[in-house]
Amino acid sequence: MVEASAIQRGRGATLEWCFGVNGALPVFYLQAGDQLVIMYASSHVGVIYNHTSTSQHLLQGHSNSISCLCVSEDRRWIVTADRGHQSLVIIWDSYSGIPVQTLFDCHPEDGVVSMALSKDAKHLVTLGAEEVQCVCIWDWTSEKDTPLCVTKLSPEYSSQKYIIFNPHDSTELVSNNDSQVLFYTLTKESLEYIAPELHDKTFDMVVGSFSQSVFHLDGLQALTATAAGNLVLWDTTITSTTRKAIKLIPLQKDAITVLTLTDSCIVTGDILGHIKFFDEKYRLLFWYSEFGLDAIASVSFSKLWSPRCSQGYNNNDCTLEAKPFLIRNFVVSTMGSAVAHVNTQCGAAQTLLYEHCEPLHAVACHPKQTIVAMGSHSGNLKMWDYSSKRVICSRALKMEKKIQCMTFDPQGLYLAVGFASGAVRILDACTLQSDPEKRFHCTYDCISEITFSLDSMYLATADVGKAVTVFYMQTENELQHWKCLGRHISHYEPIRSILFGVHLDSNRARLLSLGMDRRLVEYDLDNSKENQLLLLSSERIEQSAVPSYMTWYPPLTTERFLLTASDQYKMKLFNTTTKMCRKTLLGPTYGSPVEKMIVLPVFKEKGTSSYYLAYITKDMVGVQILPLDGNPYKSNALICHPVRVSDLACSYDGRFVFTSGGSDCTVFSWELSISAAEAAATLGGKDLIPFYSLLDGGREGAFYREMEDFFFYCQLRYQGIDSMEERHLSTRIILTDVPFVMRALGFFPTEQEVEDMLNEVKFSKYAETGKYVIDIDLVEFIKLYINHRPAFGISREELVQSFQVLGESDARGQPELQRQQMMELLQGRGERMTEDEVVDCFTTLLGLDSGMGILEHGPDKHGEYSLDAAIPDVITMETFASHILDFPSCQKKSEKSSPTE
């Protein structure tokens with residue numbers, strides 16, 4: 001088997017370790033020699049885990065969570081499949097960990113729900129997750145990308161969830177769901193199936209819902225396990241060659257969750273965590289019930305006999321003959337995400353994995369040690385040494401359960417935990433224990449954010465009730481204890497981020513919160529009294545964008561900034577004192593906006609002293625090189641949790657970042673490679689070359705030439721269009737002309753956006769020189785344009801949403817807007833326009849003030865053109881887009897690619 005290794009793939013982050021296992025999928029025993037090796041799934045990654053050497057080899061290739069997996073009988077081949085968009089089936093060589101075959105879009109509608117390999121591993125059967133299910137047989141060893149045969153199941157038998165080959169005859173298969181078993185026969189031309197009937201009246205007994213099916217030891221009969229503890233025996237009869245249920249065998253009272261075969265035994269696992277062995281006559285031979293396991297999810301046996309088998313076993317079966325009970329070692333997994341290895345000679349179970357089985361949203365790194373803490377909704381809290389890959393401390397918090405967020409204090413003495421119940425606990429970072437007075441319950445709303453001040457004297461939380469709560473350390477009689485300072489509902493939309501810092505003129509702590517209401521709130525910690533948390537300021541920092549996170553920008557300039565990210569793929573720098581927006585930049589554009597970011601500690605790799613930013617989007621983790629300038633090649637990202645990333649944490653030395661996957665119950669450790677990120681940025685080009693790629697047509701395109709023409713036309717206009725004097729052209733234009741050039745290029749900023757652009761240029765060198773910048777050159781203008789314009793332009797969805805909010809639906813259900821209503825909105829809402837401004841804008845947009853755009857109705861009696869005649873009474877979205885905005889078409893946002901493509 002292969003050992004884990006760090007393979008760089010030209011990215012700034014490489015998956016280094018997977019914490020977690022998908023308890024719903026089987027775990028396979030891959031044992032190699034004297035090494036104990038198992039294989040399981042963790043989110044979208046297959047994991048070959050060598051327990052002996054504590055190493056992992058990670059099988060990466062899926063962009064969706066793995067939905068099923070199987071191995072060949074000789075453990076040479078591993079097959080993984082997923083469900084969702086662009087689903088894949090990948091066959092891996094377990095010896096090298098290299099993919100040897102990939103089947104694309106086997107079931108393009110929704111991927112694969114179950115699959116199995118034939119005994120000789122030549123054929124693979126896949127069971128699709130379509131509405132009308134398909135069963136496909138593949139010869140994966142051939143070069144064909146089409147199945148040997150396909151059969152569609154009748155809708156009444158659909159939703160089959162388990163399938164397996166007959167090990168004695170690869171032309172026979174069996175599948176089942178909760179209520180129906182299907183038997184298949186493979187011919188040269190097709191795959192045919194039958195659906196024998198079985199219900200409670202068949203044997204006058206409760207059958208129970210089906211779990212798994214197997215072919216009997218002789219391959220002639222088949223067995224199906226049920227939730228009532230029964231086995232259904234399927235066989236042919238004298239009068240018919242098709243299989244039917246001939247017997248219902250009551251094995252036990254408890255539900256059977258696993259049914260498999262090994263050597264001459266029938267093996268079951270049940271909901272109580274018991275594993276039982278039966279002979280071919282269904283007589284109980286032996287059982288394991290003392291391991292304290294929960295419901296069994298899979299049982300996988302070693303392909304090799306133990307070297308000590310020849311010495312005999314001390315165990316005897318429980319039949320009258322009491323023969324020696326000889327059985328291979330096996331690995332058992334549970335639905336509670338536990339994996340144990342059972343040595344059948346001594347009857348002992350060794351726990352290999354005991355992972356979180358409920359959503360895992362919280363992860364935090366120790367500020368001074370190689371320790372990462374993770375907590376889940378099951379209430380289990382674990383601390384791992386991510387260097388040695390071992391658990392150093394754990395605790396079950398059964399009172400509150402549902403751990404939602406956590407953080408270490410900067411000194412590493414405390415671990416604060418926030419719960420979905422609204423409770424907050426402050427634990428000892430070494431023992432995970434706490435005193436009763438360190439448990440607070442100031443609200444019943446879920447705690448969404450939690451953070452310590454830099455001096456560890458304050459702790460702040462944000463909850464889904466849109467409130468911020470502050471706790472402080474109080475010293476009495478030389479004893480320190482935590483008290484609640486106060487709670488304040490400071491936002492009217494959910495809070496996305498809370499952040500402690502220090503005032504520039506002192507080391508006094510300051511606290512800020514940022515909400516989806518677009519407000520940045522600062523709290524007055526100095527003057528707040530117990531049960532009275534005061535506000536210092538509350539400012540709206542966005543017009544239309546919804547902020548997603550904030551952090552302190554590192555000291556790369558003389559001026560100190562607060563960095564924010566928004567849902568419009570933008571990042572902004574705000575002056576920490578005046579809260580003025582000082583810079584707007586294009587952020588990473590990888591499918592979804594940035595949701596959380598952390599400035600990494602100064603990276604020590606190869607002596608570099610540069611700063612870097614780690615961030616997560618909806619399903620990706622990435623690295624951004626600082627300082628920010630909008631260069632798309634200075635950031636990269638890759639899929640980390642296909643469903644959703646819930647949290648991000650960084651190691652104290654900046655070498656690793658950790659992401660939690662929420663519903664997939666996993667935490668991934670990513671090793672950062674700054675050299676790879678720098679190399680990718682270098683390949684993107686220097687100076688303005690990376691920005692040219694973001695312009696339509698690039699440096700040699702018509703759009704760039706048009707930009708040059710507008711740029712130099714501004715100089716002509718400034719010097720006077722009708723002037724006959726000699727022209728003195730330069731490479732710069734005055735700052736007040738910037739908005740006009742932006743509009744000429746098709747970007748129509750709001751007045752607030754115009755002010756932000758002008759301030760960005762005007763104050764760009766003020767901190768260093770004490771002087772304002774009053775002009776701009778073409779290079780600076782291109783960067784300004786790219787960073788401020790919408791990342792993807794105006795999409796059809798955005799126009800539809802605007803018309804749905806502002807207008808009404810017509811008889812066909814299509815949104816429309818009345819002309820008079822639109823005029824009133826423009827003059828009374830948002831950045832209100834005067835009547836003259838409205839007339840001026842529409843005459844320009846409709847071409848009423850140029851000879852090319854004179855309308856047939858001509859001017860009115862006052863010699864002016866009438867907007868009432870130019871604009872229809874009822875304005876639809878298409879009319880607005882084509883006639884007013886002059887868009888050729890409204891391209892769907894989903895069809896647009898990233899600006900970096």
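Note that this is a predicted model, so its numbers are computed, not measured. (Residues numbered from 1 in each chain as written. Predicted model: local features only at pLDDT ≥ 70, side-chain atom pairs only at ≥ 80, totals over all residues. Heavy atoms only, no water.)

Turning next to the overall build of the protein chain. In terms of regular secondary structure, the protein chain is built from 13 helices and 61 strands. When burial is assessed residue by residue, the protein chain has 54% of its 901 residues classed as buried. Accessible surface, the protein chain as shown: approximately 41,100 Å² in total, 50% of it carbon and sulfur. (Helix = DSSP H or I, 4+ residues; strand = E, 2+ residues; numbered from the N terminus. Buried < 20%, exposed > 50% of the residue type's maximum accessible area, 1.4 Å probe, protein only. Areas by Shrake-Rupley, 256 points an atom, 1.4 Å probe, with all protein chains shown as cover.)

This next bit is on the nonpolar core. I38, Y40, V372, V621, V657, F658 and W670 are the most contacted members of the largest nonpolar core, which has 50 residues in total. Ranked by residue count, the leading element in this core is strand β1 (residues 13-19), at five residues. Contact partners of F658, with chain neighbours within four places excluded, come to F19, V363, C365, V372, Y386, D647, L648, A649, S651, V667, F668 and S669. Membership of the second largest hydrophobic core comes to 32 residues, among which are L688, M707, F747 and L778. (Core = buried A, V, L, I, M, F, W, Y, C linked by side-chain atoms within 4.5 Å. Contact = heavy atoms within 4.5 Å.)

Looking now at a negative patch on the surface. Together, E835, D836, E837 and D840 line one region of the surface with negative charge. Tracing the chain through its elements places E835 in helix α11 (residues 835-845). (Patch = residues over 30% accessible without salt bridge, like charges linked within 9 Å, V, L, I, M, F, W, Y side chains within 5 Å. Salt bridge = Lys/Arg side-chain N within 4 Å of Asp/Glu carboxyl O. Lys, Arg positive; Asp, Glu negative; His and termini not counted. Charge placed at Lys NZ, Arg CZ, Asp CG, Glu CD.)

Scanning the entire structure with this criterion turns up zero disulfides. Summary of cysteine pairing: C365 is not part of a disulfide, and the nearest cysteine sulfur, belonging to C650, is at 6.7 Å. Owing to a relative accessible area of 11%, C365 belongs among the buried residues under this scheme. The thiol sulfur of C393 is not disulfide-bonded, and the nearest other cysteine sulfur, from C430, lies at 8.6 Å. (Disulfide = S-S within 2.5 Å.)

This brings us to the pairing of strand β51 (residues 612-616). Judged by how many residues are buried, β51 sits mostly within the fold: five of five residues are covered. By the alternation rule, side chains of β51 split into Y612, A614 and I616 and L613 and Y615, which are all buried. For β51 and strand β52 (residues 620-625), the ladder comprises five bridges, and the chain directions are antiparallel. Directly across from I616, in β52, lies its bridge partner V621. (Pairing = 2+ DSSP bridges.)

Most of helix α8 (residues 778-788) sits inside the fold, with eight of its 11 residues counted as buried. Capping of α8 at its N-terminal end is provided by D777; its side-chain oxygen lies 3.3 Å from the backbone amide nitrogen of V779. (Polar contact = N/O pair within 3.5 Å; in protein donor to acceptor, adjacent residues only side chain to side chain.)

The next point concerns empty space enclosed by the protein. The rolling of a water-molecule-sized probe over the atoms marks out the regions of remaining empty space. One pass over the structure, following the stated rule, counts two cavities of 30 Å³ or more. Approximately 40 Å³ is the volume found for the second largest cavity. L103, W138, D139, W140, S142, K144, T146 and L148 together form the lining of the second largest cavity. (1 Å grid on protein atoms, 1.4 Å probe; cavity = no way out; pocket = protein on both sides within 12 Å on 5 of 7 lines; lining within 4 Å. Points joined across faces, edges and corners; volume = space filled by probe spheres on them.)

Quick look at the packing of aromatic side chains now. Evaluated as defined, the whole model comprises 29 aromatic pairs. Between F19 and W384, the ring centres sit 4.9 Å apart and the planes meet at 65°, which makes this aromatic pair edge-to-face. Placement of the pair is F19 in strand β1 and W384 in strand β32 (residues 380-385), with a sequence separation of 365 residues. Overall, F19 belongs to the buried group, its relative accessible area being 1%. Residue class for W384 comes out buried when judged on its relative accessible area of 9%. (Phe/Tyr/Trp six-rings, centres within 6.5 Å; stacked < 30°, edge-to-face > 60°.)

Below, the discussion takes up the sheet that holds strand β9 (residues 98-104). In space, the four strands of this open sheet follow the order β6-β7-β8-β9, with antiparallel pairing throughout. Here the strands that pair on one side only, and so sit at the sheet edges, are β6 (66-71) and β9. Taken over all neighbouring pairs, the strand axes of this sheet differ in orientation by 20° on average, direction set aside. Taken together, the five bridges between strand β7 (residues 77-82) and strand β8 (residues 88-93) define a ladder with antiparallel strand orientation. By the bridge assignment, T80 is partnered in β8 with I90. (Axes fitted to C-alpha atoms, helices over the stretch in contact; angles between N-to-C directions.)

What follows concerns the pattern of salt bridges. Using the criterion set out here, one finds 26 salt bridges in the structure. For the salt bridge of D178 with K161, the shortest nitrogen-to-oxygen distance reads 2.5 Å. Linking D178 in the loop between β15 (169-176) and β16 (181-186) with K161 in the loop between β13 (149-152) and β14 (162-166), this pair joins segments that are 17 residues apart in sequence. On the accessibility criterion, K161 (38% relative accessible area) is partly exposed. Across the pair D775 and R732 runs a salt bridge whose closest N-O atoms are separated by 2.9 Å. Residue D775 is located in strand β58 (residues 775-777), and its partner R732 is located in strand β57 (residues 732-734); the two are separated by 43 residues in the primary sequence. Given a relative accessible area of 25%, D775 falls into the partly exposed group. For R732, a relative accessible area of 29% gives the class partly exposed.

Strand order across the open sheet formed by four strands is β42-β43-β44-β45, with antiparallel pairing between neighbours. Here the strands that pair on one side only, and so sit at the sheet edges, are β42 (495-502) and β45 (532-540). Between one strand and the next, the sheet's axes are offset by a mean angle of 25°, whatever the strand orientation. Two strands pair when backbone bridges link them, and strand β44 (residues 519-529) and β45 are joined in this way by seven bridges, in the antiparallel orientation. Across the sheet, the residue bridging to L520 is E539, located in β45.

Bringing helix α2 (residues 674-683) into the picture now. Burial in α2 covers these residues: I674, A676, A677 and A681. Buried residues of α2, seen end-on, are gathered within an arc of 165° and therefore sit on one face of the element. Along α2, the residues that are exposed and aim more than 90 degrees away from the buried face are T682 and L683. In this fold, the buried residues of α2 make contact with β51, β52, β53 (635-639) and β56 (667-672). (Arc of directions from axis to C-beta.)

This part is about unusual backbone geometry. In terms of backbone geometry, most residues other than glycine have negative phi values and most peptide bonds are trans. A cis amide bond links L626 with the next residue in sequence, P627, at an omega value of 5°. Within the fold, P627 resides in the loop between β52 and β53. Of note, the phi angle at D105 is positive, near 50°, even though the residue is not glycine. Inspection of the secondary structure assignment puts D105 in the loop between β9 and β10 (112-117). On the basis of relative accessible area, D105 is assigned to the partly exposed category, the value being 43%.

This part is about the environment of Q160. Structurally, Q160 is set in the loop between β13 and β14. Taking the relative accessible area as the measure of exposure, Q160 reaches 1% and is therefore buried. The spacing of Q160 and D178 is 18 residues in sequence and 8.0 Å in space, taken between C-alpha atoms. Setting aside chain neighbours within four positions, we find Q160 in contact with V113, L127, Q133, L153, S175, N176, N177, Q180 and L182. Of note is the side chain of Q160, whose polar atom sits 3.0 Å from the backbone nitrogen of N176.

With that settled, consider a nonpolar patch on the surface. Together, Y766, Y772 and I774 give the surface a local cluster of nonpolar side chains, amounting to about 340 Å² of exposed area. With respect to the helices and strands, the residue Y766 is situated in helix α7 (residues 766-769). Accessibility expressed as a relative area gives 37% for Y766, which makes it partly exposed.

Of all six residues in strand β35 (residues 414-419), six are buried, a share of seventy percent or more. Across the two faces of β35 the burial is the same, with Y414, A416 and G418 and L415, V417 and F419 all buried. Relative to β35, strand β34 (residues 403-408) runs antiparallel, the two being bridged by five bridges. By the bridge assignment for β35, M406 is matched with V417. Following β34, the chain reverses through five residues before pairing antiparallel with β35; G412 in that reversal takes a positive phi of roughly 80°. Here β35 pairs with strand β36 (residues 424-428) via five bridges, running antiparallel. Bridge pairing links V417 to R425 in β36. Linking two consecutive strands that pair antiparallel, namely β35 and β36, is a turn of four residues; a positive phi of about 95° is found at G422 within it.

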